[in-house]
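# A structural walkthrough
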There are 2 protein chains.
Amino acid sequence: MNEHILSAYDRDLEGLVTLIMKMGGLVEQAILDAAKSLETQDIELAETVRRRDKAIDALELEVNDVAATVIALRAPVSKDLRIILTVLRLAASLERIGDYAKNIAKRTSTLIDMPNSASSNSSLRRMSREVQSMLKDVLDAFVRRDAEIAEDVRQRDQEVDQMYNALFREFLTFMMEDPRQITGCMHLHFMAKNIERMGDLTTNMAEQVIYLVTGEMPEEDRPKSDSTSYLSTLE
Amino acid sequence: MNEHILSAYDRDLEGLVTLIMKMGGLVEQAILDAAKSLETQDIELAETVRRRDKAIDALELEVNDVAATVIALRAPVSKDLRIILTVLRLAASLERIGDYAKNIAKRTSTLIDMPNSASSNSSLRRMSREVQSMLKDVLDAFVRRDAEIAEDVRQRDQEVDQMYNALFREFLTFMMEDPRQITGCMHLHFMAKNIERMGDLTTNMAEQVIYLVTGEMPEEDRPKSDSTSYLSTLE
């Protein structure tokens with residue numbers, strides 16, 4: 001009987017993990033497609049990203065419902081409960097990352113008619129690719145319960161922050177040189193900030209995985225590299 | 001015996017609600033102080049906001065721990081479980097709102113040495129006050145299980161979005177008129193966006209409360225009024 005309950009619980013848990021992986025796959029695709037639609041000026045792809053966000057939102061609600069049912073039916077404790085609570089947090093982060101991708105796609109539709117620099121578009125795409133690869137690894141770390149992969153993701157967020165810092169300076173320069181670029185650069189800059197935030201959320205997910213595996217939250221030793229809040233002059 | 005268990009559960013739940021209210025109070029204070037430090041150019045107050053964010057983060061971890069313990073010990077189902085899961089989501093939103101307030105305070109420290117428009121600072125403060133008042137009401141709605149108050153908060157977010165739209169246009173105008181204002185305006189603009197996001201998070205909290213009370217997620221009928229992603233020209 002006890003074994004029967006255990007395996008029913010395992011099946012439930014597997015169902016939850018499947019949902020999270022499905023959600024993660026959609027979010028990864030959204031990140032890549034949003035950046036691609038910007039670089040290739042593909043307004044239809046941008047529309048698709050926006051439309052598909054509904055599926056991501058629906059999956060989050062499903063994860064919440066299934067998790068609540070599993071807790072109510074199986075009354076899991078300690079480690080098992082921690083896995084389910086982690087799943088809830090991962091789903092919430094994925095939903096937010098999906099929102100940022102949708103927001104980028106929205107701005108792509110606006111930017112299509114504005115003069116803008118192709119070089120920033122490809123920088124933004126590079127940044128997006130890095131975040132997508134971090135996200136892929138963090139989901140992998142979760143499935144394998146591998147704190148090392150998660151720690152690696154956490155460190156890689158610094159690269160994303162550095163790319164963002166460089167872009168922030170680049171946009172300021174463009175705007176100062178040519179005021180007609182101001183509106184376009186503001187949008188591009190928001191996109192860069194959105195990608196940087198996706199990186200932060202992915203880092204939070206990595207920390208959740210580390211907590212799940214080791215039982216300890218990683219220390220705040222990770223140097224925060226978005227230094228633009230302090231930027232008062234352009235050197 | 002059953003009564004004894006029930007009242008122990010009620011005590012646990014009360015403890016959780018007390019933690020959330022304490023967290024909410026600190027976050028409300030952070031929102032107000034961040035905006036005040038900007039308007040009054042009070043760098044010490046800005047530092048205080050940044051320092052106090054640690055207490056908010058610590059409270060979120062405490063909420064998570066207590067909630068996990070209550071679930072594990074009491075194995076709550078249906079409504080009781082839904083309350084605890086709602087508490088977890090409210091705490092996560094509060095933590096994020098606190099982060100935005102910290103970020104605003106960080107930029108205040110930077111802006112102190114830059115030429116900037118006093119009129120935008122007071123607009124930002126007005127926007128912050130509105131968000132703080134929404135947050136106060138949403139916590140009230142949670143404690144009273146009052147879906148009407150929560151629905152009202154949800155509607156008020158439109159005003160915050162409209163204030164943001166007006167500021168976005170104002171900053172673009174300032175930057176075009178005087179390129180020396182660009183860096184300062186970028187920071188002010190980020191602050192405005194952070195306040196707008198705090199409003200969105202407060203709205204999410206209101207939706208969680210509505211879901212808790214009515215069992216249904218409100219429809220997406222709320223018109224999204226941040227239209228700046230579509231803004232391609234300045235009329």
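Refer to the structure printed above.
Given the structure is predicted, the values throughout are model-derived calculations rather than measurements. (Residues numbered from 1 in each chain as written. Chains lettered and ligands numbered in written order. Predicted model: local features only at pLDDT ≥ 70, side-chain atom pairs only at ≥ 80, totals over all residues. Heavy atoms only, no water.)

Each pair of packed helices can be summarised by the angle the axes make with each other and by the distance between the axes. Where helix α6 (residues 182-214) of chain A contacts helix α5 (residues 147-177) of chain B, the two axes come as close as 10 Å, and the packing angle between them is 125°. The angle between the axes of α6 of chain A and α5 of chain B places the two elements in the oblique class. Handedness of the α6 of chain A/α5 of chain B crossing: right-handed. Within the contact between the two elements, α6 of chain A uses Ile-182, Thr-183, Met-186 and Phe-190 of chain A and α5 of chain B uses Tyr-164, Phe-168, Leu-172, Met-175 and Met-176 of chain B. A class-by-class count of the residues in the contact of α6 of chain A with α5 of chain B yields 8 nonpolar, 1 polar and no charged. (Axes fitted to C-alpha atoms, helices over the stretch in contact; angles between N-to-C directions. Helix = DSSP H or I, 4+ residues; strand = E, 2+ residues; numbered from the N terminus. Parallel < 35°, antiparallel > 145°, perpendicular 65-115°, else oblique. Left-handed = near helix turned anticlockwise from the far one by under 90°. Contact = heavy atoms within 4.5 Å. Nonpolar A, V, L, I, M, F, W, Y, C, P; charged D, E, K, R; others polar.)

The final tally for this structure, using the stated rule, is 3 aromatic pairs over all chains. For the ring pair Tyr-164 of chain A and Phe-168 of chain A, a centre distance of 6.2 Å and an interplane angle of 50° mean the geometry is tilted. One end of the pair, Tyr-164 of chain A, and the other, Phe-168 of chain A, are both in helix α5 (residues 147-177), 4 residues apart, so they sit about a helical turn from each other. For Tyr-164 of chain A, a relative accessible area of 0% puts it in the buried group. Between the NZ or CZ atom of Arg-82 of chain B and the centre of the ring of Tyr-211 of chain B, over which it lies, the distance is 5.6 Å. When the ring centre of Phe-190 of chain A is taken as reference, the NZ or CZ atom of Lys-193 of chain B above it lies at 5.6 Å. (Phe/Tyr/Trp six-rings, centres within 6.5 Å; stacked < 30°, edge-to-face > 60°. Buried < 20%, exposed > 50% of the residue type's maximum accessible area, 1.4 Å probe, protein only. Lys NZ or Arg CZ within 6 Å of the ring centre and 35° of its normal.)

A few words on the interface of chain A and chain B. Often the size quoted for an interface is simply the accessible area lost on bringing the parts together. Counting residues at the interface gives 44 residues for chain A and 44 residues for chain B. Between chain A and chain B, roughly 3800 Å² of surface is buried when both sides are summed, and carbon and sulfur atoms account for 62% of that area. Of all residues in chain A, Met-186, Phe-190 and Ser-229 of chain A bury the most surface against chain B, accounting for 15% of the area lost on that side. Summed over the shared surface of chain A and chain B, the number is 0 salt bridges. The tally of links from chain A across to chain B stands at 4 residue pairs in polar contact (both at pLDDT 80 or more). Those elements that place two or more of their residues in the side of chain A that touches chain B are α2 (43-74), α3 (78-111), α5 and α6 of chain A. The element best represented in the side of chain A that touches chain B is α6 of chain A, accounting for 12 residues. (Buried area = accessible area lost by both parts, 1.4 Å probe. Salt bridge = Lys/Arg side-chain N within 4 Å of Asp/Glu carboxyl O. Polar contact = N/O pair within 3.5 Å; in protein donor to acceptor, adjacent residues only side chain to side chain.)

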